[in-house]
Amino acid sequence: MESHGPRTSNPTAEEDGSSNRDRAIVARRVERLFLHLNPPPEFSDGVELAPCAGRAKIDVNTEQLSKYMRGKYRDVQQKVYDYFNSRPELQTPLEISKDEHRELCMRQLMGLVREAGIRPFRYVVEEPAKYFAILEAVGSVDMSLGIKTGVQFSLWGGSVLNLGTKKHRDKYFEGIDSVEYPGCFAMTELHHGSNVQGLQTVATFDPIKDEFIIDTPNDGAIKWWIGNAAVHGKFATVFAKLMLPTHDTKGVADMGVHAFIVPIRDMKTHKPMPGVEIHDCGHKVGLNGVDNGALRFRSVRIPRDNLLNRFGDVSRDGKYTSSLPSINKRFAATLGELVGGRVGLAYSSVGVLKIAVIIAVRYSLLRQQFGPPKQPEISILDYQSQQHKLMPMLASTYAFHFATLDLVDKYSEMKKTHDEQLVGDVHALSAGLKAYVTSYTAKSLSICREACGGHGYAAVNRFGSLRNDHDIFQTFEGDNTVLLQQVAGYLLKQYKEKFQGGTLTVTWNYLRESMNSYLSQPNPVTARWEGEDHLRDPKFQLDAFRYRTSRLLQSVAVRLRKHSKTLGSFGAWNRCLNHLLTLAESHIESVILAKFIDAVRSCPDPSSRAALKLVCDLYALDRIWNDIGTYRNVDYVAPNKAKAIHKLTEYLCFQVKNNARELVDAFDLPDYVTRAPIGMQAAEEAYAQYTQFAGF
């Protein structure tokens, strides 16, 4: 109730109120002046605001976008597709036993090499980008075939080429190339997978007979999960500790883990060689076309020449020589030559994600459920919840496509130049992208299955087999959690050694500028900018990603220093482990976004560039929104800006939805590659194909 009695004034309150008003006026004027002098950055370097900003749909030239996406090795991929499409007896049926699948997989590999005339091994070292393109195409035929091909040529063949010398290449190249010498890569043991330096298999040199004796000292040292071993392999690259006889009290010297070529089956009879015991690892969750086996060695003798001696050699009289001075350096060099497997897995995982996204998006456009009262039903992709599931995933697929293509290019350059900085760069990038992309794809496969409802559960629509076959991508060629720790370690090394005035490699040189930005306080004005032009500016997006990485790097360095005083280095690392994993993921996301922005800038066709810009904006802002708490905690983003980011992200999902058909068509994968009735390009045929499969 309002009082009409006499008012008593409060000079202090009035002065405070006047002071607050004055401060508010001054703040507004300062902000306006700042905005006048420092307007939101304009787009530059060819990255312009997409013309879709004010419209719900843009015109996408699918043919031009597809041409830009496909790269220069699409011809050889098409050759793979055409060969298997012309040979129905080599296509993997839905229902097949483990043993039949293994034999079919071997026939597929032999047909590819001997009948289709596609020889992947020739490109492993000379033209890696072409090799990975073939591997992606082969994996789309049957993921088991893709893995078996990788075991034969990347692992077994790659170990001979990369760890051996000319004598090994001369002796084994043709046999590996023609699959006359099917082989294995015997690194993992029952007790040791990620910790390769902990392997227990031993190779002891016998100077009298000039031979190495390969031994499995205990059950924990049995070689386990060895692809090609259970049925088809005739040779194995066996990783073992090289033991040399000495004249001291110890009797032997451990020279560290080396690789040896060990024949495991007779070339004529195919029976296990003397002293080699082979068992079958049995039925797996997926990839049952690959014959994984277990190997035990009982005093198996091999010639001294079977040591793959690029990084360390033993002479006839038992003297050890190496260009590298320590066990650790030799070990690092050996593993460094095997990063191609990680590059291939990251690249192939994107291929799997493309197939899943194509099926899920096409079905979501086809499937109609509910709608406004007395109105026709609407497609399920018109629902915001379905857009939220699938559109950021579609954007991520594009982002990963360009990031992994760049990784393949870097790897190819590394193989040619052997540049030391590039080697370290590729090692960390391949570890990070393999871990990040395969984890994302694994989660996405389940989301796609769910997004397609009951029909997504039908085996013929492929989500089950894709999910089961791909699942192990998160584990082999390096467990993802271990690989992310390698990335974090590399970031900390860069921070420690090169932040103070040194030259950072290309992938990491953003850290100095971002770190300087992090160490200063966030700008209170830019933290409130919420205009669409600003939020869609690639500079704002990339700065936000890099700011987060720099903040995580600085804070984890401080925490590690603090905890190492009481817990030691190992204990401190373990205490900060989740923080380190988040740091690694943040860095990889920054790398992915930077490559996506570059790809948008480089796109020559305006229509395609506009589509890619739209998708890139969704990728960036969706990631920022998903971690908005981090940005809010440090006042990098004010509440009004956070709200604007969320609103724009939802609108971009809607815009991408309106172009979703063209965007998945641009992946240019024909129906006989995607092989899912509900994911057919011609929507009107999808249900007919599906019912026909059921026998109607």
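Check the entry above for the structure.
All of these numbers come straight from a predicted model, not from anything done at the bench.

Caption draft 1: Inspection of the overall build of the protein chain at higher detail. The helix and strand tally for the protein chain stands at 23 helices and 13 strands. Pairs at least 24 apart in sequence give 75% of the contacts found in the protein chain among residues at least 6 apart. Carbon together with sulfur atoms contributes 52% to the accessible area of the protein chain, which is approximately 31300 Å² in total.

Caption draft 2: Main features of the environment of serine 315. Along the polypeptide, serine 315 turns up in the loop between strand 10 (313-314) and strand 11 (320-321). Judged by its relative accessible area of 26%, serine 315 is partly exposed. Spatially, the C-alpha atom of serine 315 lies 8.5 Å from that of arginine 304, the residues being 11 residues apart in sequence. With near-sequence residues (within four places) excluded, serine 315 lies in contact with Phe205 and Arg304.

Caption draft 3: Local environment of the pattern of salt bridges. Applying the stated criterion across every chain yields a total of 38 salt bridges. Where arginine 362 meets aspartate 671, a salt bridge forms, and the shortest distance between an N and an O atom there is 3.7 Å. You can see arginine 362 sitting in helix 9 (residues 340-366) and its partner aspartate 671 sitting in helix 22 (residues 671-674), a full 309 residues away along the chain. Residue classification places aspartate 671 among the partly exposed residues on the basis of a relative accessible area of 26%. Of the charged contacts, one joins glutamate 589 and arginine 548 as a salt bridge, the two residues approaching to 2.5 Å between their closest N and O atoms. Of this pair, glutamate 589 sits in helix 17 (residues 577-602) while arginine 548 sits in helix 16 (residues 538-575), placing them 41 residues apart in sequence. Residue glutamate 589 is classed as buried on the basis of its relative accessible area, which comes to 10%. Residue class for arginine 548 comes out buried when judged on its relative accessible area of 6%. Salt bridges sharing common partners tie together Arg548, Glu589, Asp622, Arg623 and Asp627.

Caption draft 4: Examining the nonpolar core more closely. Judged by nonpolar contacts, the single largest core of 159 residues is most densely connected at Met391, Leu394, Tyr398 and Phe596. Contacts of leucine 394, omitting those with residues within four sequence positions, involve Val357, Val656, Ala660, Leu663, Val664 and Phe667. Of all hydrophobic cores here, the second largest spans 26 residues; its members include Ile226, Val262, Phe297 and Val300.

Caption draft 5: Fine view of the pairing of strand 3 (residues 211-215). Across 5 bridges, the pairing between strand 2 (residues 202-206) and strand 3 is antiparallel. Across the sheet, phenylalanine 205 pairs through a bridge with phenylalanine 212, a residue of strand 3. The hairpin formed by strand 2 and strand 3 contains 4 residues between the paired strands, and aspartate 210 there has a positive phi angle of roughly 60°. With 4 bridges joining them, strand 3 and strand 9 (residues 300-303) adopt antiparallel strand pairing.

Caption draft 6: Seen up close, the packing of aromatic side chains. One pass over the full model with this rule turns up 24 aromatic pairs. Where tyrosine 68 meets phenylalanine 402, the ring centres are 6.0 Å apart and the plane angle is 45°; that geometry is what we call tilted. Of the two residues, tyrosine 68 sits in helix 2 (residues 62-70) while phenylalanine 402 sits in helix 10 (residues 384-417), which places them 334 residues apart along the sequence. For tyrosine 68, a relative accessible area of 23% corresponds to the partly exposed category. Looking at phenylalanine 402, the relative accessible area reads 9%, which means it is buried. Among the aromatic residues, those joined into a cluster by ring pairs are Tyr68, Phe402, Phe545, Phe596 and Tyr619.

Cut-offs used in this document
Residues numbered from 1 in each chain as written. Predicted model: local features only at pLDDT ≥ 70, side-chain atom pairs only at ≥ 80, totals over all residues. Heavy atoms only, no water. Helix = DSSP H or I, 4+ residues; strand = E, 2+ residues; numbered from the N terminus. Contact = heavy atoms within 4.5 Å. Areas by Shrake-Rupley, 256 points an atom, 1.4 Å probe, with all protein chains shown as cover. Buried < 20%, exposed > 50% of the residue type's maximum accessible area, 1.4 Å probe, protein only. Salt bridge = Lys/Arg side-chain N within 4 Å of Asp/Glu carboxyl O. Core = buried A, V, L, I, M, F, W, Y, C linked by side-chain atoms within 4.5 Å. Pairing = 2+ DSSP bridges. Phe/Tyr/Trp six-rings, centres within 6.5 Å; stacked < 30°, edge-to-face > 60°.

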